[in-house]
Amino acid sequence: MAGKAKTYTNKELAGYLVGMFGQNVIYNIIATGLYFYFQNVICLPAMALGWIFTIARIWDAINDPMMGTIVDKTRTKWGKCRPYLIIFPAIIGVVTILTFINGNYAEAESSTQKVFIIAWAAVSYIAWGMVYTVCDIPLWGITSLMTEDEGDRSKILGLARIAAGLAGVSVLIVQIAQLVAGIFAANGMEQSKASQYGFIVTAAVMTIISSIMFEFAGISTRERVEQSERHYTIAQNFKIMFKNKPFRQILISGVLRSPIQLLMIIAITLITYYYANGDFMNILLKDDAGNVTGLDFDILIKLLIIAAGVFVGQFAAMGLTPVLVKKIEKKTLYNFFSLVGAIPFAAIFVIYKLANGDIRSMFWVIISGILFLFAGAAMGGINVLQSVMIADCVDYEEYTNGVRTDGVFFSGQSFITKLSAGIATIISAVVYDMVGYSGVNIDTMNKALANGASFVEYNDGKFAAAMFFLISIPPAIGMILSAIPTLKYALTDKEHAKILDILITKRAEKEALEAATAQADAPQAEAQDVEVSVDETQSAE
């Protein structure tokens, strides 16, 4: 008979979700804001940008299992994950702000300055990735230590994905930074410098607030699942990960799905340039003197429809998936999202071509919004299922080999995300370089758009076509490929339920035995204390 599963309190759950939200705001500041900043504000060359992000992400992917090993070896009174969640939020806050402190490549006067700008971008971004890894693996790994109950674990992982998804609101850093830049420009600052300062100020304020929120994940939680006494070296942990068949299948599937990351990498740039002609502040109507006279509701509504399509679908799927896994096999649901989700992704580029490159009319905007909605839903559902299935793999490993490697296995999730982002970034860099969307060309384009040019038609529409291609065709191909490793997924829900019951019973029996042993030893220890006391008294006499 299974013992009673230990689990978290509502207060701990709330604190964890606040921390998860804060951490993912920081992630999006970098993943979306810094990418846009590097590409469109300080105008780094496309291939330099691509290699910076790719090398950093690949190194992070390799570094993640190393950090997972360190986490699994950590032994403190707070547990093995909480120390990192208490100490490192402030550190990642500082490093995040430093990534935005740089020069402008388009305005650099010498090759030395240009090299320094690229070098600082590379070093600061790689440093950020390493610090982020120290926080990210314990943040996800602690979920399997807060509860033994499978339902509660699915709940917290589902809510964690929702909190992470809601943190996607931080992609508005681009629009907020442009608003702040407008304030600097109105006070006489040159536009390119105003744009840069707008991002630095916005990133600093958002990062400080988010770092404080992130701290709650460490100070509000408690680790309840007993830590394994055995632990392994980094080399052994790599072997464990790849010998665990269900985990290996998820890992390969996630890497094959890499191009899906292009949606989040490109989306804000596409929305800002295609629908707002490069500056979100174009939603403001101005008279000849530059005074604001109202809002351009046509642009605003279209922006809202597209943005809602990208993000609402993800949130809805993240909330619904934990409910669906109670009724549908995880493997079946995972493969459904992968295969069916490829359809709306592919359709985005199809309608773009059908409309001859101009889908700004309300009819096409609504169609696009619907396609983004379903594409985002597929992405959100897969993200939740990936986390839940990795947690199942941790139980499988404990059952099979008697060791619970939470840190190592959840480092695999970070490995998938970062390697995927690296692969996606180099894909985008190659495509952008082919059409000339790079370096000084972007600075020239920004000036042309400010003087009335249309992004949709600029450079014969090649820039816009490249963006629509990137968020459509490669992700569709990746989604189809990702289902291949998991068509015959090795760990069924029925088998996992049996494994979890056995583990809970073993833990309960072990705790009962330890309690009985301690109780039996207590009288003996008390008798020894009495004997020592008598001996000391006689000695004193």
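Note that the coordinates shown come from a computational prediction; the quantities given were computed from them, not determined experimentally.

1. Some details on the overall build of the protein
In step 1: Tallying secondary structure elements over the protein gives 20 helices and two strands in all.
In step 2: Taking 541 residues into account, the globule formula puts the C-alpha radius of gyration at 24 Å, and the protein, at 26 Å, falls close to it.
In step 3: Buried positions account for 55% of the 541 residues belonging to the protein.
In step 4: Contacts in the protein between residues far apart in sequence, at least 24 positions, make up 85% of those at least 6 positions apart.
In step 5: Accessible surface, the protein: about 22400 Å² in total, of which carbon and sulfur atoms supply 65%.
In step 6: One finds the centroid of the 40 positive side-chain charges in the protein at a distance of 7 Å from the centroid of its 45 negative side-chain charges.

2. Here's the deal with empty space enclosed by the protein
In step 1: Scanning all chains against the criterion turns up three cavities of 30 Å³ or more.
In step 2: Taken as a whole, the largest cavity spans an internal volume of roughly 680 Å³.
In step 3: What lines the largest cavity is a set of 38 residues, and nearest its centre among them are Tyr27, Arg161, Gln261, Asn383 and Thr417.
In step 4: Elements represented by at least two residues in the lining of the largest cavity include exactly α1 (10–41), α2 (46–73), α4 (111–141), α6 (150–166), α12 (262–276), α13 (297–324), α15 (362–401) and α16 (406–435).
In step 5: The greatest single-element share of the lining of the largest cavity, amounting to eight residues, is contributed by α16.
In step 6: Tallied by class, the residues present in the lining of the largest cavity amount to 16 nonpolar, 17 polar and five charged.

3. Topic: the nonpolar core
In step 1: By size, the foremost hydrophobic cluster in this structure holds 147 residues, and its most contacted members are Tyr16, Ile266, Tyr274 and Phe468.
In step 2: Of all the elements, α1 adds the most residues to this core, at 16 residues.

4. Considering a nonpolar patch on the surface
In step 1: A surface patch of nonpolar side chains, about 760 Å² in accessible area, is lined by Leu295, Phe297, Ile301, Val312, Met362, Ile366, Ile370, Leu373 and Phe374.
In step 2: Counting residues per element, the ones that place at least two in the nonpolar patch are α13 and α15.
In step 3: Broken down by element, the nonpolar patch gets its largest block of residues, five residues, from α15.
In step 4: Inspection of the secondary structure assignment puts phenylalanine 374 in helix α15.

5. Brief notes about helix α14 (residues 330–354)
In step 1: The first and last C-alpha atoms of α14 sit 37 Å apart over 25 residues, in line with the 36 Å expected at 1.5 Å per residue.
In step 2: Within α14, the axis deviates most sharply at glycine 341, by approximately 25 degrees, and proline proline 344 lies no more than four positions further along.

6. Overview of the pattern of salt bridges
In step 1: For the coordinates displayed, the defined rule picks out six salt bridges.
In step 2: In this structure, the salt-bridge partner of glutamate 12 is arginine 224, at a minimum N-O distance of 2.7 Å. With glutamate 12 in helix α1 and arginine 224 in the loop between α9 (216–219) and α10 (234–243), this residue pair connects regions lying 212 residues apart in the sequence.
In step 3: Of the charged contacts, one joins lysine 330 and aspartate 392 as a salt bridge, the two residues approaching to 3.2 Å between their closest N and O atoms. Placement of lysine 330 in helix α14 and of aspartate 392 in helix α15 is noted, with a sequence separation of 62 residues between them. Across the pair, exposure class does not vary: lysine 330 and aspartate 392 are buried alike.

7. Focus: the environment of valine 431
In step 1: Locating valine 431 in the fold gives a position in helix α16.
In step 2: It is 9.6 Å that separates the C-alpha atoms of valine 431 and methionine 47, two residues lying 384 residues apart in sequence.
In step 3: What valine 431 contacts, discounting residues up to four positions off in sequence, is Ala466, Phe469 and Leu470.

Basis of the calculations
Residues numbered from 1 in each chain as written. Predicted model: local features only at pLDDT ≥ 70, side-chain atom pairs only at ≥ 80, totals over all residues. Heavy atoms only, no water. Helix = DSSP H or I, 4+ residues; strand = E, 2+ residues; numbered from the N terminus. Rg over C-alpha atoms; globule rule 2.2 N^0.38 Å. Buried < 20%, exposed > 50% of the residue type's maximum accessible area, 1.4 Å probe, protein only. Contact = heavy atoms within 4.5 Å. Areas by Shrake-Rupley, 256 points an atom, 1.4 Å probe, with all protein chains shown as cover. Lys, Arg positive; Asp, Glu negative; His and termini not counted. Charge placed at Lys NZ, Arg CZ, Asp CG, Glu CD. 1 Å grid on protein atoms, 1.4 Å probe; cavity = no way out; pocket = protein on both sides within 12 Å on 5 of 7 lines; lining within 4 Å. Points joined across faces, edges and corners; volume = space filled by probe spheres on them. Nonpolar A, V, L, I, M, F, W, Y, C, P; charged D, E, K, R; others polar. Core = buried A, V, L, I, M, F, W, Y, C linked by side-chain atoms within 4.5 Å. Patch = residues over 30% accessible without salt bridge, like charges linked within 9 Å, V, L, I, M, F, W, Y side chains within 5 Å. Salt bridge = Lys/Arg side-chain N within 4 Å of Asp/Glu carboxyl O. Expected span 1.5 Å × (residues − 1). Bend = angle between axes of the 7 residues up to and from the residue.

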